[in-house]
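# Coordinates in review
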Amino acid sequence: MQISKVQLEQVDRQIKRLIAADNFYGKKLRDAGIDGVSTVEEFEALPFSQKQDLRDAYPLGLMAVPEEEIVRIHSSSGTTGVPVIIPYTRKDVEDWAIMFARCYEVAGITNRDRIHITPGYGLWTAGIGFQAGCERLGAMAVPMGPGNTEKQLQMMMDLKSTVLCATSSYALLLAEEIAKRGIRDKIHLTKGVIGSERWSEKMRNRIRTELGIELYDIYGLTEIYGPGIGINCKYDTGMHIWEDYLYVEIIDPETGKNVPDGEWGEIVLTTLVKEGAPLIRYRTHDLSRIIPGECPCGMHHPRIDVIQGRSDDMMKIKGVNVFPKQIEEILASFPELSSEYQIRISHLEGRDTMRIYVETDGTVNFADIARRVAERVKSKIGFSPLVKVVELGVLPRSEKKSKRVIDERFE
Ligand code: ZN
């Protein structure tokens, strides 16, 4: 996949607007000696933008239009350090709603649906994005926001909500509560639109079967409008990203070079028509890949795979990019193993080595399962790890996934 002529012209216009506005990015581009782009090579040589740049521009340094044109701001949660503030013009807000309404349509949702919205409202882009898209589509919004499970379930039953918008963890919690109370026959949900946090196939299947609904993954981030910039269609072959608003690239997070379609790397997004705070080649740190080929649905919007985690978690072993979720999914396909594991990467005799520690009970042959796990990793990822099998309960229990990967090469 390559940036199209139309998209190149759009990026060129964005760059010229930023420079004219002389905002944070305009200055950066000018200092880098950039005044526009006309070729793919020029585009791929443009500097990346980073979350840290956005923090440096706090509070309103990203604003690329006169203040009279800004109708709203949103802010990313900012769990670490300075938050990021993104200003929106009226057109940005409308464009976002158009994209979100398109997401709902692709999920087969219509103006006859009742959309139960549990993501939070406020500075954060979640709730309000789901709502604006719903109103644009003409469906009925039930703007619940998060929490108060009792009330959520009551409203869901009384209003006969047909669509649930939630994070995967909240959808699972609601599914479990519904099962626990035996009220499944009073629930009218047919579809779930789930924010694209990293979630496992196991979790997906549980939500799908417990609630008996179709699931759609929605993608987005506050820096780039918010949720709603892409969704999977009914063929479930990855999330289509709206190419009339955004250009998607996948880069190798270490080298910054674009990788071929189909290969895993970090998602980089360029806004094509954004006014309030355009971003050029913004590094999302989300890991995914472009799915090559055409989707059976016939839409040409490019597709990205389910988010596999953050590029900060990525490991490079023997030249292959690997991340914990890939290993986790392979281990999950062995019912004999517990859900605990530990990955240790070391550099021995000039070679990178991955050791995977897994747990099982005494009823299975350790050597046999170690061999089968190693074979599956080899066939799915492309290198052979050393698999060490230990007794159930030996590995440390930790909530944090990061503790499961220990890179001894840098210690
Ligand atoms: Zn499709």
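A brief structural summary. (Residues numbered from 1 in each chain as written. Predicted model: local features only at pLDDT ≥ 70, side-chain atom pairs only at ≥ 80, totals over all residues. Heavy atoms only, no water.)

Below, the discussion takes up the overall build of the protein. Scanning the protein from terminus to terminus reveals 11 helices and 19 strands. For the protein, the C-alpha radius of gyration of 23 Å lies close to 22 Å, the compact-globule estimate for 411 residues. Per-residue burial for the protein yields a buried fraction of 53% across its 411 residues. Total accessible area on the protein stands at roughly 18600 Å², and carbon and sulfur atoms take up 51% of it. Averaging the locations of the 54 positively and 60 negatively charged side chains of the protein gives two centres separated by 3 Å. (Helix = DSSP H or I, 4+ residues; strand = E, 2+ residues; numbered from the N terminus. Rg over C-alpha atoms; globule rule 2.2 N^0.38 Å. Buried < 20%, exposed > 50% of the residue type's maximum accessible area, 1.4 Å probe, protein only. Areas by Shrake-Rupley, 256 points an atom, 1.4 Å probe, with all protein chains shown as cover. Lys, Arg positive; Asp, Glu negative; His and termini not counted. Charge placed at Lys NZ, Arg CZ, Asp CG, Glu CD.)

Now for the coordination of the zinc ion. Around the zinc ion, the protein contributes the donor atoms Cys233 (SG), His240 (NE2), Cys295 (SG) and Cys297 (SG), at 2.1 to 2.3 Å from the metal centre. What the four donor atoms of the zinc ion show is an angle range of 103 to 117° at the metal, which sorts the shape as tetrahedral. Look at where the donors of the zinc ion fall in the sequence and you get C-x6-H-x54-C-x1-C. Of the two residues, Cys233 is situated in the loop between strand 8 (224-232) and strand 9 (239-241) and Cys295 in the loop between strand 12 (282-289) and strand 13 (303-304); the sequence distance between them amounts to 62 residues. Each member of the pair, Cys233 together with Cys295, is buried. (Donors = N, O, S within 2.8 Å, 3.2 Å for Na, K, Ca; no water. Tetrahedral: all angles 85-135°; square planar, octahedral: opposite > 155°, others 65-115°.)

So, on to the nonpolar core. One finds Tyr104 and Tyr219 to be the most contacted residues of the largest nonpolar core, which totals 68 residues. No other element matches the eight residues that helix 5 (residues 90-106) contributes to this core. Within the second largest apolar cluster, 23 residues are counted, among which are Met315, Ile330, Ala370 and Val377. (Core = buried A, V, L, I, M, F, W, Y, C linked by side-chain atoms within 4.5 Å.)

With that settled, the discussion passes to the pattern of salt bridges. Using the criterion set out here, one finds 24 salt bridges in the structure. For Arg30, the salt bridge identified is with Asp22, shortest N-O distance 2.8 Å. Arg30 gets classed as partly exposed once you look at its relative accessible area, which sits at 42%. Using a relative accessible area of 32% as the deciding quantity, one classes Asp22 as partly exposed. (Salt bridge = Lys/Arg side-chain N within 4 Å of Asp/Glu carboxyl O.)

Here we come to the side chain of Arg55. One can find Arg55 in helix 4 (residues 51-56). Among buried Asp, Glu, Lys and Arg side chains, Arg55 stands out as unpaired, with Glu223 the closest opposite charge at 7.4 Å. A polar side-chain atom of Arg55 sits 2.9 Å from the main-chain carbonyl oxygen of Val82. (Polar contact = N/O pair within 3.5 Å; in protein donor to acceptor, adjacent residues only side chain to side chain.)

By the burial criterion, the buried members of helix 2 (residues 24-31) are Tyr25, Gly26 and Leu29. The buried side chains of helix 2 occupy one side of the element, clustering within an arc of 105° when seen end-on. You can read the cap of helix 2 off the contacts: a side-chain oxygen lies 3.2 Å from the backbone nitrogen of Tyr25, and it is on Asn23. Gly33 sits one or two residues past helix 2 and shows a positive phi near 75°. (Arc of directions from axis to C-beta.)

Now for the environment of Ser339. Tracing the chain through its elements places Ser339 in strand 16 (residues 337-348). With 11 residues separating them along the chain, Ser339 and Glu328 place their C-alpha atoms 8.4 Å apart.

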